[in-house]
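Coordinates in review
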Amino acid sequence: MTGFARQEGGDDRFNWTWEIKSVNGKSLDVRFRLPPGYDALEGGARAAAAQACARGNLQVSLTMKAAAAAQSYRINRELLDRLLALSGELTAERGGTAAVAPASLDGLLAVRGVVEVAEEEDEPDAKAAREAALAADLQHALAALAEARRAEGARLHQVVSGHLASLQALVDKAAESAAAQPDALRARLRAQVEELLAASPALPEDRLAQEAAVLATKADVREELDRLTAHIEAARELLAGGGPVGRRLDFLCQELNREANTLCAKAPDVDLRRIGLELKTVVDQLREQIQNLE
């Protein structure tokens, strides 16, 4: 299922932002982008993501930025001294002419690397408190992501229910088809047996019975229609039960497609075969939507 969540936080030294992006996936795949020094957070973050989401491809990123009020600066005197020496050398080479203007202090300070942000070492207690706050903010982000996915799931529930209703309507239509009724089957079987007798008048009765049984089995689609109805009812029960149902619904789609294929293969006339093809189309549409469900 798709979704996005963002959670900001901070302390006296850093401001941070968690971002989580979720796209469809058959299983749960979580990938992290953490700044240097925060790799220890991945273990707990991965466990928290597994509790919040059953499947999907998740991209979890953490951005850390030093708070402006907490930043301190220092002069890289080694680099500044080298720049001053180089400036003096160039001036001497030019004979002190005005072609080379003396280096100004503000110009030297603007050179990258001369002014550095001073990195302060964290006290163990402060670092532990920051990691706890980061974990708490990640939980808030995961909760927001789960809520976004639930909202999408509620919308998809209606779409999936509509496809299931269309499937049941087609199954009912197939059951009402004359080709699926016992009288029609007996008439068709009688005609086929007469053709067999005309082709082989001396055909033994036991062989004739075997051929008739085979023809009857091939033409009878009521078993496939019963299984289709059972699978549709099972899918409705899964939707009504809530929770992660995507994988089980995906399996039911495979079974629905299998029965629709058998129906098309056994259909004795064009009308029933056309219904079977419509069933396959709706099953494909259902499968596409189920890929979006958790």
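A few words on the pairing of strand β2 (residues 14-23). Where strand β1 (residues 3-10) and β2 come together, eight bridges link them in antiparallel fashion. In the strand pairing of β2, alanine 5 is matched with isoleucine 20. Between the end of β1 and the start of β2, which pair antiparallel, lie three residues. Here β2 pairs with strand β4 (residues 56-66) via 10 bridges, running antiparallel. Bridged to asparagine 15 within β4 is lysine 65.

In this section: a nonpolar patch on the surface. A contiguous nonpolar surface patch, about 320 Å² in accessible area, is contributed by Ile75, Leu105, Leu109 and Val115. Along the chain, isoleucine 75 turns up in strand β5 (residues 73-75). Given a relative accessible area of 35%, isoleucine 75 falls into the partly exposed group.

Close contact between helix α4 (residues 124-176) and helix α7 (residues 222-241) brings their axes to 10 Å; oriented N to C, the two are set at 160 degrees. The angle between α4 and α7 falls in the class roughly antiparallel. You can see that α4 and α7 cross each other, and the crossing is left-handed. Taken together, the residues of α7 that come into contact with α4 (itself represented by His157, Val160, Ser161, Leu164, Ala165, Leu167, Gln168, Val171, Ala174 and Ala175) are Leu225, Leu228, Thr229, Ile232, Ala235, Arg236 and Leu239. A class-by-class count of the residues in the contact of α4 with α7 yields 12 nonpolar, four polar and one charged.

Looking now at the sheet that holds β2. The strand order across the open sheet formed by four strands is β1-β2-β4-β3, and the pairing between neighbours is mixed. What marks the edges here is a single partner per strand, and that holds for β1 and β3 (28-33). Adjacent strand axes in the sheet meet at a mean angle of 15 degrees when their direction is disregarded. Here β3 pairs with β4 via six bridges, running parallel. Within β4, the position partnered with phenylalanine 32 by the bridge is valine 60. Against the sheet, helix α1 (residues 42-52) engages β3 and β4, with an angle of about 145 degrees to β3. Packing of α4 onto the sheet brings it into contact with β1, β2 and β4, and relative to β2 it is tilted by some 30 degrees.

Let us now look at the pattern of salt bridges. Two side chains that carry opposite charge are able to pair once their charged atoms sit near each other. Considering all chains together, one arrives at 14 salt bridges under this definition. Between arginine 130 and aspartate 11 there is a salt bridge whose closest N-O contact spans 2.7 Å. One end of the pair, arginine 130, is in helix α4; the other, aspartate 11, is in the loop between β1 and β2, and 119 residues separate them in sequence. Among the residues examined, aspartate 11 registers a relative accessible area of 26% and is labelled partly exposed. With a closest N to O distance of 3.4 Å, arginine 82 and glutamate 78 form a salt bridge. Separated by four residues within a single helix, arginine 82 and glutamate 78 lie in helix α2 (residues 77-93), roughly one turn from each other. Through salt bridges with shared partners, one network takes in Glu223, Glu224, Arg227, Glu259 and Lys266.

We now examine the side chain of histidine 231. Relative to the helices and strands, histidine 231 resides in helix α7. Among all residues touching histidine 231, those that are not within four sequence positions of it are Leu252, Glu255, Leu256 and Glu259.

This next bit is on the nonpolar core. Within the largest apolar cluster, 30 residues are counted, with the highest numbers of intra-cluster contacts made by Leu164, Leu167, Leu249, Leu279 and Leu286. Those elements that provide at least two residues to this core are α4, α7, α8 (246-266) and α9 (270-290). In this structure, leucine 249 is in contact with Ala235, Leu238, Leu239, Ile290 and Leu293, ignoring residues within four places of it in sequence. In this structure, Trp16, Val60, Leu62 and Ala141 belong to the second largest nonpolar core, which totals 23 residues.

Criteria and thresholds
Residues numbered from 1 in each chain as written. Predicted model: local features only at pLDDT ≥ 70, side-chain atom pairs only at ≥ 80, totals over all residues. Heavy atoms only, no water. Pairing = 2+ DSSP bridges. Helix = DSSP H or I, 4+ residues; strand = E, 2+ residues; numbered from the N terminus. Patch = residues over 30% accessible without salt bridge, like charges linked within 9 Å, V, L, I, M, F, W, Y side chains within 5 Å. Areas by Shrake-Rupley, 256 points an atom, 1.4 Å probe, with all protein chains shown as cover. Salt bridge = Lys/Arg side-chain N within 4 Å of Asp/Glu carboxyl O. Buried < 20%, exposed > 50% of the residue type's maximum accessible area, 1.4 Å probe, protein only. Axes fitted to C-alpha atoms, helices over the stretch in contact; angles between N-to-C directions. Parallel < 35°, antiparallel > 145°, perpendicular 65-115°, else oblique. Left-handed = near helix turned anticlockwise from the far one by under 90°. Contact = heavy atoms within 4.5 Å. Nonpolar A, V, L, I, M, F, W, Y, C, P; charged D, E, K, R; others polar. Core = buried A, V, L, I, M, F, W, Y, C linked by side-chain atoms within 4.5 Å.

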